[in-house]
Amino acid sequence: MALAVNILEEDEEDEDYNADTVISLKAFPPISMKLQDIFEKVD
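### Observations concerning the pattern of salt bridges
Line of reasoning, step 1. What the rule picks out here adds up to one salt bridge.
Line of reasoning, step 2. Asp20 is the partner of Lys34 in a salt bridge, and the nearest nitrogen-oxygen pair spans 3.8 Å. Here Lys34 is found in strand β2 (residues 28-34), whereas its partner Asp20 is found in the segment before β1 (22-25), with 14 residues between them in sequence.
Line of reasoning, step 3. Looking at Lys34, the relative accessible area reads 33%, which means it is partly exposed.

See below:
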């Protein structure tokens, strides 16, 4: 059975909404980005 995983959920009414989640890259401590910015041009 395959498991579908959405990396970015932009619908604010969805219980899995995560577009405002901020991540920091461990190798680059001064860099933090929201998921919606990272996936801005990805369909």
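Now that the structure has been shown, the text picks up again.
### Quick word on the pairing of β1
Line of reasoning, step 1. As defined by bridge partners, β1 adjoins β2 across four bridges and the pair is classed as antiparallel. Among the inter-strand pairings, Leu25 is bridged to a residue of β2, identified as Phe28.
Line of reasoning, step 2. Connecting β1 to the next strand, β2, in antiparallel fashion are two residues.

### Let's talk about the environment of Asp11
Line of reasoning, step 1. Here Asp11 is to be found in the segment before β1.
Line of reasoning, step 2. For Asp11, a relative accessible area of 42% corresponds to the partly exposed category.
Line of reasoning, step 3. Looking at Asp11, its side chain comes within polar contact range of the main-chain nitrogen of Glu13, at 3.0 Å.

Definitions and limits used
Residues numbered from 1 in each chain as written. Predicted model: local features only at pLDDT ≥ 70, side-chain atom pairs only at ≥ 80, totals over all residues. Heavy atoms only, no water. Salt bridge = Lys/Arg side-chain N within 4 Å of Asp/Glu carboxyl O. Helix = DSSP H or I, 4+ residues; strand = E, 2+ residues; numbered from the N terminus. Buried < 20%, exposed > 50% of the residue type's maximum accessible area, 1.4 Å probe, protein only. Pairing = 2+ DSSP bridges. Polar contact = N/O pair within 3.5 Å; in protein donor to acceptor, adjacent residues only side chain to side chain.

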